[in-house]
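# Summary of the model geometry
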Amino acid sequence: NVKALLVGTPTSISEIVSIEVSNSKKIITASFQHGISKEISKDISCITTMFETNLVNSYFVYNQSILKTLRDNKFNISENFNVGLPIDMKSSISKKIVNNYRGDILYASTNLYCGNRGIPSRSGSSDFDKAKFELDIINSVFKKLPKKIHFKPYFSKRYTGQNVELEKVKKSKNIKLITNEIDLRYLLKYYKIIITSRATSTIGWCLLSKKPVIYIE
């Protein structure tokens, strides 16, 4: 007999249907916080209809701040529990030593195209504007710096062909593209300064690295 259904961030039809069916059969449904965007984004109210807490009956979070955001959400149906940070997120330390990826400055890109996924309410800026933002910061800032920049892309394939900003990075003399799909948390400790943008889970890892962070709104 199934006692509980545990999910991360439910977005697909199959996940949402599974939760609905489990709820109807009185099976425990639980979800878990991913990142810290709900605590720091001023625009989070735009997507309250898509919060995990609107679906499951138990939700586990990192801190007290997010509890207020959830209480203010009129669609909330779950009981919310503050259980603190995961151990790996608190330490941000890994035994994976990647000698090829050490340097002064790391740019942790959060550029995630919407593509043809049918989720316009979660896409934020248009894909055109996202690409333009990345190209602008490469051409107007990074290429003019006297230091070498390591560029960590957000690995998620949404279009055929190469991303235009990554092709630009490959042609830039002072920007090194990180091509291995290594989780950001295992790289942060090897850099002196972190640059990132947008209110995503990425900013949480950057802040917890205890390194200087340049955040671009």
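Residues numbered from 1 in each chain as written. Predicted model: local features only at pLDDT ≥ 70, side-chain atom pairs only at ≥ 80, totals over all residues. Heavy atoms only, no water.

## Structural notes on the overall build of the protein chain
Using the following cut-off: A run of DSSP states H or I qualifies as a helix once it reaches four residues; a run of E qualifies as a strand once it reaches two. Both are numbered from the N-terminal end. For every residue, the accessible area (1.4 Å probe, protein chains only) is compared with the maximum for its type, and the residue is labelled buried under 20%, exposed over 50%, or partly exposed between those bounds. Contact between two residues is taken to exist if any of their heavy atoms lie within 4.5 Å; hydrogens are not considered.
Summing up its helical and strand segments, the protein chain has eight helices and nine strands in all. Looking at the protein chain as a whole, 40% of its 217 residues are labelled buried. Sequence separation of 24 or more characterises 63% of the internal contacts of the protein chain that already satisfy a separation of 6 or more.

## Concerning a nonpolar patch on the surface
To be explicit about the condition: Residues forming no salt bridge and having over 30% relative accessible area are the ones grouped into patches, like charges within 9 Å of each other and nonpolar side chains (Val, Leu, Ile, Met, Phe, Trp, Tyr) within 5 Å. Per-residue accessibility takes into account occlusion by the displayed protein chains alone, with areas from the Shrake-Rupley method and a 1.4 Å probe. Salt bridge, as applied in this entry: a Lys or Arg side-chain nitrogen positioned within 4 Å of an Asp or Glu carboxyl oxygen.
On the surface, a nonpolar cluster with roughly 280 Å² of combined accessible area is contributed by Ile13, Val17 and Val21. Secondary-structure assignment places Ile13 in helix 1 (residues 13–24).

## Details of the sheet that holds strand 7 (residues 175–177)
Strand pairs in the sheet, formed through backbone hydrogen bonds, run parallel or antiparallel to each other. Here is the rule we go by: Pairs of strands are assigned from DSSP output, requiring at least two bridges between the strands. Fitted lines through C-alpha atoms serve as axes, helices being fitted only where they are in contact, and the angles separating the N-to-C directions of these axes extend from 0 to 180 degrees.
Across the sheet, which stays open at both edges, the five strands sit in the order 7-6-5-8-9 with parallel pairing between neighbours. Bordering the open sheet on either side are strand 7 and strand 9 (213–216), each of which pairs with just one other strand. Neighbour to neighbour, the strand axes of the sheet diverge by 25° on average, direction disregarded. Note that strand 5 (residues 103–108) and strand 6 (residues 149–152) share four bridges and pair parallel. From the neighbouring strand, Ala108 faces strand 6, where its bridge partner is Lys152. Sheet contacts for helix 6 (residues 127–140): strand 5, strand 6, strand 7, strand 8 (191–197) and strand 9; angle to strand 5, the most-contacted strand, approximately 160°.

## Brief notes about the pattern of salt bridges
Across all of its chains, the model carries seven salt bridges by this definition. Residues Glu167 and Lys170 are paired through a salt bridge, measuring 3.1 Å at the closest nitrogen-oxygen approach. Of this pair, Glu167 and Lys170 both sit in helix 7 (residues 164–170), three residues apart, which is roughly one turn of that helix. You can call Glu167 partly exposed: its relative accessible area is 28%.

## Structural notes on the sheet that holds strand 4 (residues 79–82)
The four strands lie next to each other as 1-2-3-4, forming an open sheet whose pairing is parallel. In this open sheet, the two strands that pair with only one neighbour each are strand 1 (4–7) and strand 4. Taking each pair of neighbouring strands and ignoring which way they run, the sheet shows an average axis angle of 20°. Relative to strand 3 (residues 58–61), strand 2 (residues 28–32) is paired through three bridges, and the arrangement is parallel. Paired with Ala30 across the two strands is Ser58, which belongs to strand 3. Its contacts with the sheet put helix 1 on strand 1 and strand 2, and the angle it makes with strand 1 is roughly 155°.

## Focus: the environment of Lys176
Residue placement: Lys176 occurs in strand 7. A relative accessible area of 28% places Lys176 in the partly exposed class. Between the alpha carbons of Lys176 and Lys152 there is a distance of 8.8 Å; along the sequence they are 24 residues apart. Once you skip the residues sitting within four places of it in the chain, Lys176 turns out to touch Asn100, Tyr101, Lys148, Ile149, His150, Phe151 and Val169.

## Section: the environment of Tyr101
Tracing the backbone shows Tyr101 in the loop between helix 4 (87–91) and strand 5. Assessed through its relative accessible area of 5%, Tyr101 is described here as buried. On a C-alpha basis, the gap between Tyr101 and Leu188 in space is 9.6 Å, while along the polypeptide they are 87 residues apart. Setting aside chain neighbours within four positions, we find Tyr101 in contact with His150, Lys176, Ile178, Thr179, Asn180, Ile182, Leu187, Tyr190 and Tyr191.

## Digging into helix 3 (residues 64–71)
Basically, it comes down to this: Throughout, the arc means the angular range of directions from the helix axis out to the C-beta atoms.
Those residues of helix 3 that fall on the buried side of the exposure criterion are Ile66, Leu67, Thr69 and Leu70. Projected down its long axis, helix 3 shows its buried positions confined to an angular sector of 160°, all on one face. Projecting away from the buried face of helix 3 at angles above 90 degrees are the exposed residues Gln64, Lys68 and Arg71. The elements touched by buried residues of helix 3 are helix 2 (37–40), strand 3 and strand 4.

## Quick look at the nonpolar core
Formally: The set of buried Ala, Val, Leu, Ile, Met, Phe, Trp, Tyr and Cys residues whose side-chain atoms join them within 4.5 Å is what this entry labels a nonpolar core.
Of all hydrophobic cores here, the largest spans 13 residues; its most connected members are Leu106, Leu184, Leu188 and Tyr191. At the level of elements, strand 5, strand 8 and helix 8 (201–208) are the ones that each hand at least two residues to this core. In this structure, Ile137, Ile138, Phe142 and Ile175 belong to the second largest nonpolar core, which totals 12 residues.

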